[in-house]
Amino acid sequence: MNVRETMPDTLAEQAISNHEIRKVVTASVMGTIIEYYDFTLYTTATALVFNKIFFPGESPLIGSLAAFATYFVGYCARPLGGVLFGHFGDRVGRKITLMITLMIMGIGTLLIGLIPPYAQIGVWAPVALVLLRCLQGIGIGGEYGGGMTMVVEHSPPGRSGFYSALMHIGVPAGFLLPIIAITLLNAFMDQQTFLSWGWRMPFLFSVVLLGVGLFIRSQISEPPAFKKIQREGSQASVPVLEALRHHLTTILLGIGAKIAESGLFNIYAVFAISYCVNVLSLSSQVILYGILLACLLECFTLPLFGHLADRYGKKRVYLAGMIGQVLLAWPFMLMLASGHLGLIYLAIALGLELGHGSTFGAQGAFFSGLFPARIRYSGLSLVQQIGPILGGGLSPMIATALLVGWHNNGLIAGYMALMAVISALCALRLREDNAPTDRL
C-alpha cells in the first residue's frame, strides 16, 4: 500500500526532473552556441578579414599573425571573467550570473561589427578591436563554468557525461552558424563588398541570438546542489581563494589537461583556414565547407563520447582521445599540406569529430567532478579559462610563427603532439569523480 501511494509522487518527481534537465541543457547549449558563435566569428574574421582591414600594409601571413595576437588577448581576459563571475555564481547563484555573462558576450560581438576600418580611424580601429575582444573574453570567462555547473548539478546519477556532452554540442553548432553565414556571404558577394561591409552582418546578427538566449535562460531554476548550500548558508566566503588554497594541485593539473583540447581545436578549425588560404592559395569558401561538414559531424560524435564516458569512465575516454591526437598530429599536417581537397577535408574531420570530440565529450563531467559544489563554479572556471590561454589562445599564433620562421610542417606537427602528451600526463594524475552531482 505504501509503495503504491508513493509511486505517483516518485514518477511525478522523475517527470519534473527530466523536464528540468531538458530545459537546463537547452539553456546551456544556447549559451555555448552564443559563446562559440562570438569566438568563431572573431576567429574566422581574423583569418579572412581583420588582417586586411585592421592590420593593412603587411604580408598576409604577418597580418594574420598580428590579428591572431588580438585573438590571444581575448583569451587572457577570460580568467578575469572566470574569477569574477565564479565568485558571484558560487555565492549568489548560477542563474543570474549566467544571464549577465550572456549579455556581455552578445554586446561585445555586436559592437565589433560596428568598428570602422583602419582606413577611416587609423590606429583606433585595432585599439577598439582589442578592447572589445577583452570584453568578449570576460563574458566568456564566466559563461562556461556556470553553464557546465548547471548541467552536471541537474543531471541524473550516472548520466553527467552524456548531458554535459550535449551542452558541448553548442561548440560545433556555434561554429556552424557563423561559418554558414560567412560562406553564404562569400558565395553571393564579391571580395570588395565582403571586406567593405558584408563581414559585419553576422556580428550584428548576434543581437538576435542574445535575445533568444536570455529568454531561454530565464526559464530555468537553480540546481538542487546550490539550493542546498543556500539553505544551509554554507557558501564559501571567497570561493576562488578556497579553491586555490585547498585544490591548487588539482587546478594546475586540470589546466595542463585542458591545454591540448583547446589548442588542437584551434589548429583544426582556425589555423587550418589561414594555412589553406595564405599558404596553399585555396579559396576560403572551399575550406569553410570542410570546417562546416566537420562541425556538423562532431554534433553527433560528442554525445556518443559522453555516453562512453559514463559507461567506461570519463578519465579513460579523455586519455584515449589525447593519445589518439598524438598519433594524428603528423598525418594531419601531411594531409593538410598535400593541397588535395579530399585529404584536407579528411584531416579536419578526423581532428574535430574524433580527436576533439573524444576529449571534449568527456571533459565537462570529468572536470566538474574535481571540485565540491560550494566552489565548483570558481574551480571549474579557473581550469577552463587559464588552460585555453596556453592552448587555444596561443596555438594559431605559434603554428603561424613556426610557419613564417621555419616553413616546416614537421615542427607544427611536433608542437601538436607535444600539447597532447602534456595534457595526457596531467589528466593521468587527476582523480575521477563519477558522481559530480552528489559531491556537495
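Rules and cut-offs
Residues numbered from 1 in each chain as written. Predicted model: local features only at pLDDT ≥ 70, side-chain atom pairs only at ≥ 80, totals over all residues. Heavy atoms only, no water. UniProt positions renumbered as here; feature names shortened; annotations may be inferred. Helix = DSSP H or I, 4+ residues; strand = E, 2+ residues; numbered from the N terminus. Rg over C-alpha atoms; globule rule 2.2 N^0.38 Å. Areas by Shrake-Rupley, 256 points an atom, 1.4 Å probe, with all protein chains shown as cover. Lys, Arg positive; Asp, Glu negative; His and termini not counted. Charge placed at Lys NZ, Arg CZ, Asp CG, Glu CD. Expected span 1.5 Å × (residues − 1). Bend = angle between axes of the 7 residues up to and from the residue. Buried < 20%, exposed > 50% of the residue type's maximum accessible area, 1.4 Å probe, protein only. pLDDT = per-residue confidence, 0-100. Contact = heavy atoms within 4.5 Å. Core = buried A, V, L, I, M, F, W, Y, C linked by side-chain atoms within 4.5 Å. Axes fitted to C-alpha atoms, helices over the stretch in contact; angles between N-to-C directions. Left-handed = near helix turned anticlockwise from the far one by under 90°. Nonpolar A, V, L, I, M, F, W, Y, C, P; charged D, E, K, R; others polar. Salt bridge = Lys/Arg side-chain N within 4 Å of Asp/Glu carboxyl O. Polar contact = N/O pair within 3.5 Å; in protein donor to acceptor, adjacent residues only side chain to side chain. Disulfide = S-S within 2.5 Å. Patch = residues over 30% accessible without salt bridge, like charges linked within 9 Å, V, L, I, M, F, W, Y side chains within 5 Å.

Naming follows an unreviewed UniProt entry, where the protein chain appears as MHS family MFS transporter of Candidatus Sodalis endolongispinus. Checking UniProt for the protein chain, the heading Subcellular location (unreviewed entry) contains the comment "Cell membrane".

> Can you break down the overall build of the protein chain residue by residue, with the values?
Per the secondary structure count, the protein chain includes 17 helices and zero strands. Taking 2.2 N^0.38 as the reference for a compact globule, 440 residues should give roughly 22 Å; the C-alpha atoms of the protein chain span a radius of gyration of 21 Å, in line with that estimate. When the accessible area of the protein chain is evaluated, it comes to approximately 16400 Å², of which 70% is carbon and sulfur surface. For the protein chain, the centre of its 26 positive side-chain charges and the centre of its 21 negative side-chain charges are spaced 4 Å apart.

> Could you give me a rundown of helix 11 (residues 239–278), with the residues and numbers involved?
Across its 40 residues, helix 11 extends only 45 Å between first and last C-alpha, which sits more than 12% below the 58 Å expected from 1.5 Å per residue. Roughly 95 degrees is the biggest bend found in helix 11, and it falls at His247. Counting buried positions over the 40 residues of helix 11 gives 33, a clear majority of the element.

> Give me the lowdown on the confidence of the model for the protein chain, citing residues and values where you can.
Any region with low pLDDT has predicted coordinates that should not be read closely. In this model, the protein chain carries a mean pLDDT of 86, and residues with pLDDT of at least 70 account for 90%. Model confidence for the protein chain, summarised as mean pLDDT per element, is weakest for helix 1 (residues 2–53) at 69 and strongest for helix 13 (residues 314–337) at 97. Predicted confidence is poor over residues 1–16, with pLDDT under 50, and the contacts of this stretch with residues over four places away or in other chains come to zero contacts.

> Describe in detail the nonpolar core, supporting the description with residues and values.
Membership of the largest hydrophobic core comes to 127 residues, with the highest contact counts inside it found for Phe50, Phe332, Met333, Phe367 and Met416. With 19 residues, the top contributor of residues to this core is helix 11.

> Can you break down unusual backbone geometry residue by residue, with the values?
Across residues other than glycine, the phi torsion is negative in most instances, and most of the peptide bonds are trans. Of note in this structure, Ser281 is not a glycine but carries a positive phi near 55 degrees. Looking at the secondary structure, you find Ser281 in the loop between helix 11 and helix 12 (284–312). When its relative accessible area of 61% is taken as the criterion, Ser281 is described as exposed.

> I'd like a description of the packing of helix 5 (residues 124–154) against helix 6 (residues 160–168), backed by residues and values.
Where helix 5 contacts helix 6, the axes come no closer than 9 Å and their chain directions differ by 145 degrees. Read as a crossing pair, helix 5 and helix 6 show a hand that is right-handed. When helix 5 is examined against helix 6, the residues Tyr144, Gly147, Met148, Val151 and Val152 are found in contact with a partner set consisting of Ser160, Tyr163, Ser164, Met167 and His168. For the contact of helix 5 with helix 6, the residue count by class is six nonpolar, four polar and no charged.

> An account of the pattern of salt bridges is needed here, citing residue identities and associated values.
As enumerated under the stated definition, the model contains eight salt bridges in all. The salt bridge partner of Asp90 is Arg94, with a shortest N-O separation of 2.8 Å. Through salt bridges with shared partners, a single network forms among Asp90, Arg94, Glu153 and Arg376.

> Explain the side chain of Gln363 to me, using residue names and the numbers behind them.
Counting through the fold element by element, Gln363 comes out in helix 14 (residues 341–368). The buried category is assigned to Gln363, whose relative accessible area is 0%. At a separation of 3.5 Å, a polar atom in the side chain of Gln363 contacts the side chain of Tyr318. Engagement of the side chain of Gln363 in a polar contact is seen with the side chain of Gln384, the distance being 3.0 Å. If we skip the residues at most four places from it in the chain, Gln363 touches Tyr144, His168, Lys258, Glu261, Tyr318 and Gln384.

> Account for the state of the cysteines, naming residues and giving values.
Within this structure, the stated rule accounts for zero disulfides. Looking at Cys76, it has no disulfide partner, and the nearest cysteine sulfur is the one in Cys134, 8.1 Å off. No disulfide involves Cys295; its sulfur sits 7.4 Å from the nearest other cysteine sulfur, which is in Cys299. According to the relative accessible area criterion, Cys295 is buried, its value standing at 1%.

> Any chance you could break down the UniProt feature "transmembrane region" (unreviewed entry) in the protein chain for me, citing the residues and the numbers?
According to UniProt, the feature "transmembrane region" (unreviewed entry) maps to residues 61–84, 96–115, 121–141, 162–185, 197–216, 286–305 and 412–430 in the numbering used here. The distance separating the terminal C-alpha atoms of residues 96–115 is 30 Å; by composition the span is 85% helix and 0% strand. Counted over residues 121–141, helix gives 90% and strand 0%. Its end C-alpha atoms are 30 Å apart.

> Got a sec to walk through a nonpolar patch on the surface? Specific residues and values, please.
Together, Tyr118, Ile121, Val123, Trp124, Val127 and Leu131 make up a nonpolar patch on the protein surface, roughly 580 Å² of accessible area in all. Only helix 4 (118–121) and helix 5 provide two or more residues apiece to the nonpolar patch. Among the elements that take part in the nonpolar patch, helix 5 stands out by supplying three residues, more than any other. Considering the arrangement of structural elements, one finds Tyr118 in helix 4.

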